[in-house]
Amino acid sequence: MPWFDLPAEKLREYRTTTEEPADLDKWWGARLDAARAAAKPTTLTPHEPEAYGPLPVMDVEFSGADGDPIRAWYLRPPGSGDTPLPTVVTFIGYGGGRGLPAEHTLLPSAGFAQFVMDTRGQGGKWSVGATGDPGAALAGPSFPGVMTKGIQSPETYYYTRLMVDAARAVEVAAELDGVDRDRIAVNGVSQGGGLSLAAAALSGDLVKVCHADVPFLCDFQRAVTLTGKAPYSEIAEFLAQNIDLVDSALDTLRYVDGALLARRITANSLLSTGLMDDVCPPSTVYAAYNEIKATKDIAVFPFTTHSVPRAHVERQLRHLRATLAP
């Protein structure tokens, strides 16, 4: 895949042209307040101790958007007891679910607690999930996938629910035994990276570190006209036929646009992008990065497509240790 987006010097100065809704903060505040009001007590159940031995794994159920039950894993380093630890809240890429605890052992082995949020209505494409989406029973057509579910309005849009889930995951993790609420990070790749940005923006100072790799859900209005790859192409193909919904759909996307939400991030942020990424084009990543006013850095990989080089993991671990030190 050759370079297809803006040249490097233009990327560094690129800004989204999408206008922010005037009521964005009030609107999100109402969504979060409603979710908190509908919340039920969080439950934690030990998971397969005979399989994981000294590695503590809890199967979590907490309340997300509309009070809907959301599943998660909570893992801690062996022998850590209830000692308050820096904790990373992890979000999953498009089509995947929380998977198995065995897929999330790196951070606990490095001394961090980890809270892995399942993704409502996804899971099964490349990793398993365990959470349904009660809010999916909405009026109106949609294209296969989740990108256009309820896109007729921001109140009914799928990603509104998912981003509320992400913010609630941070709030719930902060209240768990053994979590140092002053040392919480978020991370994820692709959709997970987009949710990391959203969670950091919506959770305020509760999130101290934000890692967002090749993040999705940023600068929608550029993305859907620049790349023909899924998942953004779901929106373009839907609007190619549903021409009466173009204006309302584009307005909906402004409320969940990571480039607009990023202006609210206070966390020390480390993003990444591949200059050959035609799934989440680099300009859409820079659209979010350039709006972050907090301490930040971005890893740029000239020959990477929609993936993250393995060597980047060690940079992230160093960044976590440096920024979440007691």
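All values reported here derive from a predicted model rather than from experimental measurement.

## With respect to the pattern of salt bridges
Per the stated rule, a full pass over the model turns up 21 salt bridges. Between D133 and R161 there is a salt bridge whose closest N-O contact spans 2.8 Å. Pair noted here: D133 is in the loop between strand 5 (113–117) and helix 5 (158–174) and R161 is in helix 5, with a separation of 28 residues, a long-range link. Judged by relative accessible area, which is 15%, D133 ranks as buried. Among the residues examined, R161 registers a relative accessible area of 4% and is labelled buried. Members of the salt-bridge network, linked through shared partners, are R15, E20, D25, R263, R264 and E291.

## Quick look at the nonpolar core
The biggest cluster of nonpolar side chains holds 81 residues, and the ones touching the most others in it are F115 and Y159. A total of 12 residues in this core trace back to one element, the largest contributor, which is helix 5. A110, L317, L320 and L324 belong to the second largest nonpolar core, which has 9 residues in total.

## Overview of the packing of helix 2 (residues 24–37) against helix 5
One can describe the packing of helix 2 onto helix 5 by two numbers: an axis separation of 10 Å at closest approach and a directional angle of 65°. Considering how the two elements wind past one another, helix 2 and helix 5 form a crossing that is right-handed. Residues W27, W28, R31, L32, A35 and R36 of helix 2 pack against T160, M163, V164, A167, R168 and E171 of helix 5. Residues belonging to the contact of helix 2 with helix 5 are distributed by class as follows: 7 nonpolar, 1 polar and 4 charged.

## What about the pairing of strand 3 (residues 69–75)?
With 5 of 7 residues buried, strand 3 is to be regarded as a mostly interior element. Relative to strand 3, strand 2 (residues 57–63) runs antiparallel, the two sharing 7 bridges. Each residue of the ladder has a partner; that of E61, found in strand 3, is R71. As consecutive antiparallel partners, strand 2 and strand 3 are separated by 5 residues, and within that stretch D66 has a phi angle of approximately 60°, a positive value. Relative to strand 5, strand 3 runs antiparallel, the two being bridged by 4 bridges. Residue pairing across strands places Y74 opposite F115, the latter belonging to strand 5.

## Let's talk about the environment of K293
Counting through the fold element by element, K293 comes out in the loop between helix 11 (282–289) and strand 9 (296–301). For the pair K293 and I265, spaced 28 residues apart in sequence, the C-alpha to C-alpha distance is 7.2 Å.

## Structural notes on the confidence of the model for the protein
Fine structural detail should not be taken from predicted coordinates in areas where pLDDT scores are low. Put simply, the protein has an average pLDDT of 96, and 99% of its residues get 70 or more. Here helix 1 (residues 8–11) stands out as the least confident element of the protein, with mean pLDDT 96; strand 7 (residues 209–213) is the most confident, with 99.

## Some points on the packing of aromatic side chains
Tallying each qualifying case throughout the model produces 10 aromatic pairs. With a centroid separation of 6.5 Å and an interplanar angle of 35°, the aromatic rings of W3 and F303 are classed as tilted. Placement of W3 in the segment before helix 1 and of F303 in the loop between strand 9 and helix 12 (312–323) is noted, with a sequence separation of 300 residues between them. For the residue pair W3 and F303, the accessibility class agrees, reading exposed in each case. With a centroid separation of 4.9 Å and 55° between ring planes, the pair formed by W27 and Y255 is classed as tilted. Remark: Y255 occurs in helix 9 (residues 246–255) and W27 occurs in helix 2; sequence separation between them is 228 residues. Both residues of the pair, W27 and Y255, belong to the buried class. Chaining the aromatic ring pairs together yields one cluster made of Y94, F216, F220 and Y232.

## Some remarks on the state of the cysteines
The full count for this structure, using the stated rule, is 0 disulfides. You can see C210 has no disulfide; the closest cysteine sulfur is in C218, sitting 9.8 Å from it. Exposure remark for C210: the relative accessible area of 0% places this residue in the buried category. Summary of cysteine pairing: C218 is not part of a disulfide, and the nearest cysteine sulfur, belonging to C280, is at 7.7 Å.

## Things to note about the packing of helix 5 against helix 6 (residues 191–203)
Remark: helix 5 packs on helix 6, axes separated minimally by 8 Å, with the N-to-C direction vectors making an angle of 65°. Viewed along their axes, helix 5 and helix 6 form a crossing whose handedness is right-handed. Contacts between helix 5 and helix 6 pair Y159, L162, M163, A166, A167 and V170 from the former with Q191, L195, A198, A199, L202 and S203 from the latter. Tallied by class, the residues present in the contact of helix 5 with helix 6 amount to 10 nonpolar, 2 polar and no charged.

## A short note on the sheet that holds strand 3
Spatial ordering of the open sheet is given by 1-2-3-5-4-6-7-8-9, a layout of 9 strands whose pairing is mixed. Here the strands that pair on one side only, and so sit at the sheet edges, are strand 1 (43–46) and strand 9. The mean inter-strand angle of the sheet, taken between neighbouring strand axes irrespective of direction, is 20°. When strand 4 (residues 85–91) meets strand 6 (residues 179–189), the two strands line up parallel, connected through 6 bridges. Within strand 6, the residue paired with F91 across the bridge is G188. Helix 5 rests against strand 2, strand 3, strand 4, strand 5 and strand 6 of the sheet, and its axis sits at about 155° to strand 5.

Reading the values: the criteria
- Note on numbering: residues in each chain are counted from 1, in written sequence order.
- Confidence filtering applies because this is a predicted model: local features only for residues at pLDDT of at least 70, side-chain atom pairs given and counted only at 80 or more, and all residues used for totals across whole chains, interfaces and linings.
- Side-chain measures here rest on the full set of heavy atoms in the structure, leaving out hydrogens and waters.
- Throughout this description, the term salt bridge denotes a Lys or Arg side-chain nitrogen within 4 Å of a carboxyl oxygen of Asp or Glu.
- Starting at the N terminus, helices and strands are each numbered in turn, a helix being any DSSP run of H or I of at least four residues and a strand any DSSP run of E of at least two.
- Exposure categories follow from relative accessible area, calculated using a 1.4 Å probe and restricted to protein chains: below 20% of the type maximum is buried, above 50% is exposed, and the middle band is partly exposed.
- What we call a nonpolar core is a set of buried Ala, Val, Leu, Ile, Met, Phe, Trp, Tyr and Cys residues that are connected through their side-chain atoms within 4.5 Å.
- To get an axis, fit a line to the C-alpha atoms, keeping to the stretch in contact for a helix; angles then go from 0 to 180 degrees between the N-to-C directions.
- Crossing handedness: left-handed means the near helix sits turned counterclockwise from the far one by under a right angle, and right-handed means the same turn made clockwise.
- Any two residues whose heavy atoms approach within 4.5 Å are treated as being in contact.
- Amino acid classes used here: Ala, Val, Leu, Ile, Met, Phe, Trp, Tyr, Cys and Pro are nonpolar; Asp, Glu, Lys and Arg are charged; the rest, including Gly, are polar.
- Whether two strands pair comes down to DSSP finding at least two bridges between them.
- Values of pLDDT, the confidence the predictor places in each residue, fall between 0 and 100.
- Between rings of Phe, Tyr and Trp, where Trp is taken as its six-membered ring, a pair exists when centres lie within 6.5 Å; planes separated by under 30 degrees are stacked, by over 60 edge-to-face, and by other angles tilted.
- What counts as a disulfide here is a pair of cysteine sulfur atoms lying within 2.5 Å.

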